[in-house]
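Descriptive structure summary
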Amino acid sequence: MNDTGDKTPWLEALRLKAEKHLTKLKMPPVTNGDPSDADKILEQLRIHQAELEVQNQELLRSQTDLEMSRNRYYELFDLAPVGYFSLDPKGIIADVNLTGTDLLGTERIFLKDKPFLVNVEAHDHQHFLQLLGRAVKTGERISGELTLLRRDRSVFEARAEMVTTDPASPSRRHVLLTLLDITAQKQARTALEESQQMLSLVINSVPQYLFWKDRNAVYLGCNDNFCRLLDCSGPVDIIGRSDVELAWLPETAEVFHDAEFQVLESNRSILRQTETHQLPNGEHVIWETNRVPLHDMAGNVVGLLGCFDDITAKVNAQRKRHRLEAQLQQARKMEALGALAGGIAHDFNNILSAILGYSELVLGDLNPDERSFRNEKQVLKAVQRAKELVNQILAFSRQGDVDQHVFRLDKAVDDALKMIRASLPATIEIETSITGGNNYVMGNYSQIQQVIVNLCTNAAQTMEEHGGRLTVDVSEVYPDQAFGERHPQLKAGRYVKLTVTDDGPGIASEIMSRIFDPYFTTKKARQGTGLGLAVVHGILRNHGGEISVRNHVGRGAAFDVYLPEAMTAPATDDATPAPVMIEGTERVLIVDDEVMLINMHQSLLMRLGYDVTVFDDPRAALDAFKENPAAFDIMITDMTMPAMTGDILVRQIKKIRPELPVILCSGFCDEELENKAHDAGVGHVLLKPFDFKKLALTIRAMFDRMN
């Protein structure tokens with residue numbers, strides 16, 4: 001090295017450092033005075049030595065810094081929380097950090113210079129190659145999810161990101177791949193999705209209508225039932241909208257709005273509230289609604305959850321059950337009253353029979369010109385009126401013994417209207433409507449007329465003050481399931497319907513349940529007995545029919561009468577009965593616990609020439625008959641006696657003399673009594689009270705049949 005002026009700056013700096021280094025060492029110069037060439041060379045060598053030593057120290061420091069930097073790099077690279085892989089453009093691994101080896105469960109030696117593809121699950125090979133190709137081609141950061149294989153062949157899910165370094169220099173280009181294990185995240189996400197699916201399944205499986213709203217009563221969600229109710233394709237058609245924006249009727253939306261803001265503002269639930277609404281399709285429904293507030297973690301109200309259940313069918317079933325229970329209760333009440341009325345009528349008939357019989361005896365002993373004869377005739381008239389009243393009671397109790405035949409109901413309507421038309425004021429108009437060709441019914445003509453007259457009279461009386469229209473309709477009814485449900489007491493079959501409608505004020509709701517009760521009336525004193533509708537009810541039940549009321553307060557009422565239809569027209573019989581003799585000489589046995597009756601019957605029959613024996617105790621009568629069965633030609637016995645009923649007495653008598661004719665007397669006659677009489681062998685049932693002539697004719701008819 002020569003001492004020239006073209007030294008570079010770094011050499012000059014090195015020379016200065018070397019000189020300073022020699023000064024610190026205090027090395028003496030080689031010569032004193034003028035140096036020789038050798039001394040100069042030696043001096044230069046010493047300087048160069050110092051320069052080399054300084055340079056060596058610099059190199060040592062640089063090497064230390066470099067090692068420290070390299071260590072820091074590998075610490076960041078190897079210990080990074082994600083796996084780093086350096087790949088060539090074909091996917092060969094050039095380098096990998098420790099996290100990457102841990103992710104794949106292997107070591108660097110098994111990864112370097114190997115294709116990364118071998119660590120990818122087979123179904124993701126194509127996906128990996130697509131990601132790599134895009135990263136190399138575009139130079140952009142590319143990301144995606146891969147299913148990777150560990151060395152033990154177990155799998156895990158990873159988030160992969162690729163970026164190409166030096167994209168402009170193909171020779172130095174490589175791909176940096178980072179991997180993050182997201183297995184736990186994907187499992188959590190899958191679990192969350194499954195939980196959401198299960199929640200959605202539960203919500204949509206609930207039979208009620210569910211919905212939830214925000215603080216402003218705007219829909220946030222609902223179940224499928226709610227969507228179907230509004231004919232929507234799904235919650236997307238409802239979310240973000242309010243009730244006024246949906247298909248609800250305005251009044252329905254208003255009810256929802258008021259109830260929901262009450263919940264939101266009061267922070268209180270409204271549970272089991274019954275609401276009646278009309279759906280957009282016109283259907284009327286009854287809902288049981290529940291609305292509860294929704295709270296955030298701090299307890300603030302953020303919305304509400306609501307659900308409502310359609311209880312229309314349930315409420316209708318309850319109403320139907322209550323209606324049937326009321327009908328059953330009414331039927332039982334009428335049955336009890338009927339039984340009571342029948343018992344009273346039976347006892348009353350015994351009294352009337354005695355009055356009637358003894359009056360006839362008295363009349364037979366009096367001169368028709370005498371005042372006593374006329375007075376006794378008035379007694380008989382009173383007895384006849386009392387008999388009619390008893391017949392009404394028996395009709396109400398369905399214990400009357402009446403003849404029934406086939407007739408046209410419209411004919412009975414015409415005859416009944418002829419009777420009442422003249423008594424109605426001119427302000428009341430009568431209209432009739434007859435539909436259907438066959439309106440034949442089986443019944444007692446006079447009693448059905450009584451029903452028609454009673455209903456028409458009641459209807460007319462409701463319109464006396466302001467007038468109106470009285471309408472009588474006769475039509476055929478073809479029963480269906482609904483008819484059977486409304487009238488469960490009617491037997492299956494076809495019916496003729498009679499409807500009496502008025503334009504009056506209707507029936508007050510508080511008395512509707514009492515209109516068929518006996519002696520209940522809204523008329524003033526001495527304007528009615530209150531037996532009218534009760535008798536109608538009894539007559540129709542006795543005919544296998546029914547009556548119902550359709551009441552409209554302020555607009556009138558309609559009474560619907562149903563009678564079984566007779567499928568055949570009435571048969572005509574032009575034969576004239578031959579006259580019957582009433583006198584006789586036969587031996588008659590009379591048994592009745594009423595002493596007045598047996599004495600009266602004995603006196604009457606003895607006047608006609610009969611030989612009469614009477615007993616007021618059926619047991620004594622049976623004993624007498626056993627002693628001499630041939631001593632009697634006919635027996636007349638009461639049905640209701642304390643020691644032995646009439647049918648039992650007849651059975652005992654018939655065991656001894658089966659051919660003996662028997663007449664059974666009773667204060668009332670129903671199907672059960674007729675069956676008992678028939679089974680015992682009774683020839684004829686005679687209903688009390690009967691007059692003397694009817695008894696005599698019945699006795700002669702019994703003997704004539706035997707002969």
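The text that follows walks through the structure, step by step, so that each part is easy to find. (Residues numbered from 1 in each chain as written. Predicted model: local features only at pLDDT ≥ 70, side-chain atom pairs only at ≥ 80, totals over all residues. Heavy atoms only, no water.)

1. What about empty space enclosed by the protein?
- Within this structure, the stated rule accounts for two cavities of 30 Å³ or more.
- Counted as a void, the largest cavity has a volume near 50 Å³.
- As for the largest cavity, its lining consists of Ile590, Val591, Asp592, Ile598, His601, Ile636, Thr637, Asp638, Cys665, Lys688 and Phe690.
- Taken together, the elements giving at least two residues each to the lining of the largest cavity come down to strand S18 (587–591), helix H14 (595–607) and strand S20 (634–638). (1 Å grid on protein atoms, 1.4 Å probe; cavity = no way out; pocket = protein on both sides within 12 Å on 5 of 7 lines; lining within 4 Å. Points joined across faces, edges and corners; volume = space filled by probe spheres on them. Helix = DSSP H or I, 4+ residues; strand = E, 2+ residues; numbered from the N terminus.)

2. Thoughts on the packing of helix H15 (residues 618–627) against helix H16 (residues 646–656)
- Put simply, H15 and H16 touch, their axes get as near as 11 Å, and they point 5° apart. In terms of their interaxial angle, H15 and H16 are classed as roughly parallel. Between H15 and H16, the contacting residues are Pro618, Leu622, Phe625 and Lys626 on the first element and Leu649, Gln652, Ile653 and Ile656 on the second.
- For the contact of H15 with H16, the per-class residue count stands at six nonpolar, one polar and one charged. (Axes fitted to C-alpha atoms, helices over the stretch in contact; angles between N-to-C directions. Parallel < 35°, antiparallel > 145°, perpendicular 65-115°, else oblique. Contact = heavy atoms within 4.5 Å. Nonpolar A, V, L, I, M, F, W, Y, C, P; charged D, E, K, R; others polar.)

3. Describing the packing of helix H10 (residues 409–421) against helix H11 (residues 445–462)
- Where H10 meets H11, the closest approach of the two axes is 9 Å, and the angle between their N-to-C directions is 55°. One way to sum up the angle between H10 and H11 is to call them oblique. Between H10 and H11 lies a crossing whose hand is right-handed. Residue-level contacts link Leu409, Lys411, Ala412, Val413, Asp415, Ala416, Leu417, Met419 and Ile420 of H10 to Tyr445, Ile448, Gln449, Ile452, Val453, Cys456 and Thr457 of H11. (Left-handed = near helix turned anticlockwise from the far one by under 90°.)

4. A closer look at the sheet that holds strand S6 (residues 209–214)
- Taken in spatial order, the five strands line up as S7-S6-S10-S9-S8 in an open sheet, and their pairing is antiparallel. Each of the sheet's edge strands pairs with one partner strand only, and the pair in question is strand S7 (219–222) and strand S8 (270–278). On average, each strand axis in the sheet is tilted by 25° relative to the strand beside it, whichever way the strands run.
- The strands touched by helix H7 (residues 250–266) within the sheet are S6, S8, strand S9 (284–295) and strand S10 (301–310), with S8 carrying the most contacts at an inclination of about 165°. (Pairing = 2+ DSSP bridges.)

5. Topic: the sheet that holds strand S19 (residues 611–615)
- Strand order in the open sheet made by the five strands is S19-S18-S20-S21-S22, with parallel pairing throughout. Looking at strand neighbours, the two that pair on one side only are S19 and strand S22 (684–687), the edges of this open sheet. If you compare each strand with its neighbour and ignore which way they point, the axes differ by 20° on average.
- Note that S18 and S20 share four bridges and pair parallel. Note on S20: the bridge partner recorded for valine 591 is threonine 637.

6. Quick word on the pattern of salt bridges
- All told, the structure shown has 20 salt bridges when counted by the stated rule.
- The partner of arginine 408 in a salt bridge is aspartate 410, and the shortest N-O contact between them spans 3.1 Å.
- Exposure remark for arginine 408: the relative accessible area of 29% places this residue in the partly exposed category.
- For arginine 550, the salt bridge goes to aspartate 560, with nearest N and O atoms at 2.7 Å. Of this pair, arginine 550 sits in strand S16 (residues 546–552) while aspartate 560 sits in strand S17 (residues 556–564); the two residues are ten residues apart in sequence, bridging distant segments of the chain.
- Among the ionic contacts, a cluster of salt bridges with common partners joins Lys213, Asp243, Glu260, Glu275 and Arg291. (Salt bridge = Lys/Arg side-chain N within 4 Å of Asp/Glu carboxyl O. Buried < 20%, exposed > 50% of the residue type's maximum accessible area, 1.4 Å probe, protein only.)

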